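Structural features, examined
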Amino acid sequence: MSFVLSANRLDDGSVVYFTDDEQWSSQVDDAKVVSSDELDEALRVSRRAEERNIVVGCYEVEVSSIGGKRPVRLRERIRSHGPTVGDQQSRPAGGPEG
Amino acid sequence: MTVINIRGENVDQTWRDVEVAEKTRSLDSVILSFASLKEHIETLDQKSLSRIGVRLTVNDEIGEIADHARHIGLIDLVFPNFKDGRPFSTAVTVRRDYGFSGDLRASGDILPDQALFLARCGFSTIVVPVQFPVKQFKTSLGAYTIAYQAAVDSNVSQVRDLRRSAVEVVAE
Amino acid sequence: MYVYDTIDKSLLNQRVAEFRDQVRRRLDGELTEDQFKPLRLMNGLYLQLHAYMLRVAIPYGALSSDQMRKLAYIAETYDRGYGHFTTRQNIQYNWIELSTAPDLLFDLSEIDLHAIQTSGNCIRNVTADPYAGAAADEVDDARVWSEIIRQWSTFHPEFSYLPRKFKFAVTGADADRAAIKFHDIGLKIIRSDTGELGFEVYVGGGQGRTPIVAPLINSFLPAKDLLRYLDAVLRIYNLHGRRDNIYKARIKILVKSLGVDSFTSQVDAEFERLDPALFVVEADEINRIRDMFSVPYLQADEDVKARLEERIEESPQMRRWSDSNTHAHKTPGYAIVTISLKPIGGIPGDATAEQMYAIADLADRFSLGEVRVTYTQNLVLPHVHQADLFVLWSELKRLDLATPNIGLATDIIACPGLDYCSLANARSIPISQRISERFSDLESQHDIGPLDIRISGCINACGHHHAGHIGILGVDKRGEERYQLTLGGQGNGESAVGKIVGPGFDEDGIVDAVETVISTYLSVRSTGELFSQTLERTGHAPFKERLYDSN
C-alpha cells in the first residue's frame, strides 16, 4: 500500500501534505509517497511539525498505488480537491474525480 | 509546589501530603486521602478536624462526610482531567450546602483559563500545574470583571444577576 | 430585540480579548492542541474537513437587520462569500483562519454577535420558536425565557465542563416549532388553570446514535422556579453523566439508565435542597427583558386581506407562494413570511453575502428590522403587512429566495455532509439537490402536501433524519456511500423517531426510493390524508413492498 501524510496548517487551517523536502504543500501532487514499511518513520518525522506548532493532526492517507497520488477514500479526495457541490465562483468545486 | 489564592498571589504551603493517617505521628496540617479520613473521622473532635485536610477524587462521595465537612480545615478536590468538570459541582455543594468555610483547593489537571470559574465556584486556592506559568493564572483570574450569574463566592466586580434588577457591584 | 447594555457589551469585549490571548498562546506554543481545543470549541471554532469552521451564535434564532448585514460582511471578508444556516438556528462559515479569527470575533462583537458556547461540552444556543412574538397561538414569547436561559448559562462557572454538549429548545405555543422533544431540555410555556405562567419540562431527548423523544418530567414548573430547576438538572447531569464514553455521555443516556422516575426524584431532591432566594428571577428584570421584545403597536387591518385576494386572483404564482410561505400573524392584516433557502437544486440553508445584505434591507422595509432563523434552515420575516406582500414576493423572487415550498417535499433539511464535515460518512447535499430536482414541479408538491424529508451524512444526525417523515442516513459501506431510508419520524407535536424500512441504497437508488415512497403514498392515501397520516394507517408494508419488490 502507498500513503501520503496530511495535516491542517495550524494558523489558517488549510489542508496540507508532507513533501519530499519536509515541507507542507496544499497540493496532494507534491506529496511524498511512502510504503507501509516506511510509514511509521515518516509519521515520526512529519509530526515534528506538530511539536513546532506548524500543523495539527498529522495522519496517513492511503493513495492508489497505480499512477500517483489519488487518495483511495472519497473523504480524502474531497479533502484534497474541495467540496463536490457549489458554484465555481464562490466555492471551487474541484471535485474528487480530479 | 506552587499554590496560589484566587487573587493570583502565592500562598505558603503549610500542608503536608500524608495520605494515610498511620504514616504520621501528628495529624496537624496533614492532607489525608478520603478513605483514611473516613476511617478516623469519628475519633476526631472539631478542633482536630479543623487542623486536618482531605483530598477527594471524582470517585469519592463527599456526601458521606456531609455532617463533618464544615469543620474540616482544607478540602482538596482533584481534577483527573481538565475536561472533567465534576469538581466544580462538588465545590459548589461543599460551600453552599455543607457550609464549608475552610480552604477549598483545586489540584490536578487544571488550565489557567479555568481559574476564574474555580474562584466563582468557591475554590480558595489552586495548585499550579508545573507546565503553566503562575502569571497566566493571574491573567485569567482578571480576564472578566463582569458576570451573568451570582457565584458561590462572587469575586467579579459586576454581576448582572437575574435575581436583581439593579446590577450588583461586588467588592473584590 | 434584546439590546446589549454596558454589562452585556463589557462581557462580550472581555471574551473577545480573552480569546485573542488564547489564540496567541496557541500559535506561540504555550498551549498544546489538546489544551487549546476545548477552549477553541467553547468559542465555536472547529477544525473541519477543509479548514477551520466557525459557528456564530444566533440566540434563539433572532437577528436584527444590522446583525444580518454583519453576517454578510463576515462572509465576504473572512470567508468565501456565503454562510450556512443550521438546524440549531446558528450560522456556519466554512473557510475560516485561526490567525484572523480574533479579528472576526471583534467585528462580530461590534453588533453584539459572538460565537460563545456554540460548541464544546457546555450549554449551547437555546433554540426557540421562530414565530415568537408574532404568532397568534402563543401563550408567551419564547424569546423572553430563552434570553433568561442564555444569560444564566453564559460562562456559567459550574456548568462549562459537562460530560457532553447540552441543548435547550423553547416553544411558547402548543404548536412546537422548535422540536423541543428532541433536545436535552425542552420547554413548553403554558398557563395553569389559575392562569399562572409555567413550563412543561421535557428532559433527555435527542437524536444521534440513540434517538429518544424526551419524557415529560415536570408537567407544571412555575416560571419563578425555572432557574432553580435547571440548576438542579444540570448539577445531577454534571455529577452523574458518563465521562468514560462520548457516545453515552448525553443526559438522555443518564435519564434512560436511571429511569425517568428515579431521575426525576433526584432532580426534585436537589431542587428542594436549593435555596429559592438564590434563583428567583426578579419581576423587574423579566419585564426589562420582555419590553425589549415587545413589538411596537401594529394597527390591525381587517380590509387588506380582501384587497390582497383581488390581486392574488391575477397571480397564481403569488398565491402559491402565499399559501406555502406565509403564516397567520396575531395582528389582522399582517403575516409571518418564510424566506425559502431551499431553491430547487440548491444547497439547503445556504445564503450568499449578497442575499444576506438584501434580506437585511427587506427586513428594514417590511419587517420592523427583524429576521428569524428556523431550525429547518430557512429564514423568517415575522411582521409583514399584507399590503406589502406583493412587492416583497417579487423582491424575494429576484433573489431566488421565493421558492414556494415551505413544509413541502423540496423543503429538505440536509446537513453539510461529507462535502464539508470530517465526521460524515457520506455526502448529503447532492442527494438533497437531486431529490429537489426530481420533485421540482410545484403542482406535484402541493398535491403531495406537507412532507418532511431530512438527510444526515452520518449518525450524529445534524440533518434530523430521525425526525423526518422520510429520513435518509448516509453510511459508509466498504468505502462506498450508502443510504438508509427511514419512515415515520415526526419533529414536533407527537414527536417520533423514524424506523428503517430495509436494506440501503446507493446514490441513484435512494433518490428513486424516495420517489417510490411518495408515489406509494399517492396511490394508497385516503382523500385529504397527509403523508404522516397515511403512514400511520398503513404502516410500512405497502412501502416496503414497492421498494423491495424484485419486479
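Source: prediction; values computed, not measured.

Topic: the overall build of chain B
Assigned secondary structure in chain B consists of six helices and ten strands. The C-alpha radius of gyration computed for chain B amounts to 16 Å, which stays within 12% of the reference 16 Å derived for 172 residues, consistent with globular compactness. Here the C-alpha coordinates of chain B stretch approximately 50 × 35 × 25 Å along the principal axes. Expressed as a percentage of the 172 residues in chain B, the buried residues total 57%. At a minimum sequence separation of 6, the contacts of chain B that also span at least 24 residues come to 47%. For chain B, the accessible area works out to roughly 7500 Å², and carbon and sulfur atoms hold 47% of it.

Comments concerning the pairing of strand 9 (residues 197-203) of chain C
If a strand is regular, its side chains alternate between the two faces of the sheet. All names here are of chain C. Counting buried positions over the seven residues of strand 9 gives seven, a clear majority of the element. Residue alternation in strand 9 divides its side chains into two sets, L197, F199, V201 and V203 and G198, E200 and Y202, and both sets are buried. Two elements, strand 8 (residues 185-191) and strand 9, share seven bridges in a ladder whose sense is antiparallel. The residue of strand 9 that forms the bridge with R191 is L197. Inspection of the sheet shows strand 9 paired to strand 10 (residues 216-222) by four bridges, in the antiparallel sense. The partner of Y202 across the bridge, within strand 10, is L216.

Some points on the arrangement of the chains
Among two pairs of chains with at least one contact, chains B and C form the most extensive contact set. A gap remains between chain A and chain B, with no contact made and the closest C-alpha atoms lying 15 Å from each other.

Thoughts on the interface of chain A and chain C
Each side of the interface is counted separately: chain A has 22 residues, and chain C has 29 residues. Of the roughly 2100 Å² buried between chain A and chain C on both sides combined, carbon and sulfur atoms contribute 60%. For the interface between chain A and chain C, the tally reads zero salt bridges. When residues of the side of chain A that touches chain C are traced back to their parent elements, those giving at least two are strand 1 (2-9) and helix 3 (74-81) of chain A. Tallying contributions element by element places helix 3 of chain A first for the side of chain A that touches chain C, with four residues. Looking at the side of chain A that touches chain C, its residues break down into eight nonpolar, eight polar and six charged.

A closer look at the packing of aromatic side chains
Residue and element names in this part refer to chain C. Under the counting rule described, the total for this entry stands at 19 aromatic pairs over all chains. On the numbers, 5.5 Å between centres and 55° between planes, the contact of F166 with F168 is tilted. Note on F390 and W393: the rings are 6.0 Å apart at their centroids and 85° apart in plane angle, and the pair reads as edge-to-face. With F390 and W393 both in helix 13 (residues 389-398), this residue pair falls three residues apart, about one helical turn. Looking at F390, the relative accessible area reads 13%, which means it is buried. Of the residues examined, W393 reaches a relative accessible area of 7% and is grouped as buried. Members of the aromatic cluster, connected to one another through ring pairs, are W152, F159, F166, F168 and Y237. Its end group placed over the ring of W95, R80 keeps NZ or CZ at 3.7 Å from the ring centre. Just above the ring of F390 sits the side chain of R311; from NZ or CZ to the centre is 4.1 Å.

Looking at the environment of C:I448
All names here are of chain C. The topology assignment puts I448 in helix 15 (residues 442-448). The sequence separation of I448 and A283 amounts to 165 residues, and the corresponding C-alpha distance is 48 Å. Non-local contacts of I448, meaning those with residues more than four positions away in its chain, are made with F439, I518, Y521, L522 and R525.

So, the sheet that holds strand 11 (residues 326-328) of chain C
Residue and element names in this part refer to chain C. Pairing in this open sheet of five strands is antiparallel, and the strands run 3-14-15-12-11 from one edge to the other. Strands with a single pairing partner mark the edges of an open sheet, and in this sheet they are strand 3 (62-64) and strand 11. Averaged over all neighbouring strand pairs, the angle between strand axes comes to 30°, with direction disregarded. Of the pairings in the sheet, the one linking strand 12 (residues 334-339) to strand 15 (residues 379-385) comprises five bridges and is antiparallel in character. Considered in strand 15, the bridge of Y334 is made with H385. Running over the sheet, helix 11 (residues 316-325) touches strand 11 and strand 12 and is turned about 55° from strand 11.

Here we look at the domain arrangement of chain C
Residues and elements named next belong to chain C. Per the domain assignment, the segments making up chain C are domain 1 (6-109), domain 2 (134-290), domain 3 (304-398) and domain 4 (413-548). Averaged C-alpha coordinates put domain 1 and domain 3 at centres separated by 29 Å. Listed per partner, the contact involves 22 residues of domain 1 and 23 residues of domain 3. Buried area between domain 1 and domain 3, both sides added, is near 1800 Å², and the carbon and sulfur share of it is 58%. Together, M68, R69 and F85 form the three largest contributors to the area buried by domain 1 at its contact with domain 3, with a combined 33%. Between the two partners, domain 1 and domain 3, sit two salt bridges. The closest approach of N and O atoms between D364 and R69, which form a salt bridge, is 2.7 Å. On the surface where domain 1 and domain 3 come into contact, there are 15 residue pairs in polar contact (both at pLDDT 80 or more). Among the secondary structure elements, those contributing two or more residues to the side of domain 1 that touches domain 3 are strand 3, helix 3 (65-78) and strand 4 (82-85).

Remarks on the sheet that holds strand 4 of chain C
Residue and element names in this part refer to chain C. The antiparallel open sheet is built from five strands, whose spatial order is 1-2-5-4-13. Taken across any chain shown, the strands that pair with only one partner, and hence form the sheet edges, are strand 1 (45-47) and strand 13 (350-352). With strand direction ignored, the average angle separating the axes of adjacent strands in the sheet is 30°. Of the pairings in the sheet, the one linking strand 2 (residues 52-56) to strand 5 (residues 91-96) comprises four bridges and is antiparallel in character. When the bridges of strand 5 are listed, Y52 appears paired with I96. Contacting strand 1 and strand 2, helix 2 (residues 33-41) runs over the sheet at an angle of about 135° to strand 1.

Some remarks on the interface of chain B and chain C
Many authors give the size of an interface as the accessible area that is lost as the parts come together. The interface is formed by 35 residues belonging to chain B together with 52 residues belonging to chain C. With both chains or domains summed, chain B and chain C bury close to 3800 Å², and 56% of this area falls on carbon and sulfur atoms. It is B:Y144, B:Y148 and B:L162 that lose the most area in chain B upon contact with chain C, and together they represent 21% of the buried surface on that side. Applying the counting rule to chain B against chain C returns five salt bridges. Measuring nitrogen to oxygen at the nearest pair gives 3.5 Å for the salt bridge that ties C:D34 to B:K83. At the junction of chain B and chain C, the tally comes to 17 residue pairs in polar contact (both at pLDDT 80 or more). The element that contributes the greatest number of residues to the side of chain B that touches chain C is helix 4 (residues 86-96) of chain B, accounting for seven residues. Each residue belonging to the side of chain B that touches chain C can be placed in one class, and the counts come to 14 nonpolar, eleven polar and ten charged.

Cut-offs used in this document
- Residues numbered from 1 in each chain as written.
- Chains lettered and ligands numbered in written order.
- Predicted model: local features only at pLDDT ≥ 70, side-chain atom pairs only at ≥ 80, totals over all residues.
- Heavy atoms only, no water.
- Helix = DSSP H or I, 4+ residues; strand = E, 2+ residues; numbered from the N terminus.
- Rg over C-alpha atoms; globule rule 2.2 N^0.38 Å.
- Buried < 20%, exposed > 50% of the residue type's maximum accessible area, 1.4 Å probe, protein only.
- Contact = heavy atoms within 4.5 Å.
- Areas by Shrake-Rupley, 256 points an atom, 1.4 Å probe, with all protein chains shown as cover.
- Pairing = 2+ DSSP bridges.
- Buried area = accessible area lost by both parts, 1.4 Å probe.
- Salt bridge = Lys/Arg side-chain N within 4 Å of Asp/Glu carboxyl O.
- Nonpolar A, V, L, I, M, F, W, Y, C, P; charged D, E, K, R; others polar.
- Phe/Tyr/Trp six-rings, centres within 6.5 Å; stacked < 30°, edge-to-face > 60°.
- Lys NZ or Arg CZ within 6 Å of the ring centre and 35° of its normal.
- Axes fitted to C-alpha atoms, helices over the stretch in contact; angles between N-to-C directions.
- Domains from an automatic or database assignment.
- Polar contact = N/O pair within 3.5 Å; in protein donor to acceptor, adjacent residues only side chain to side chain.

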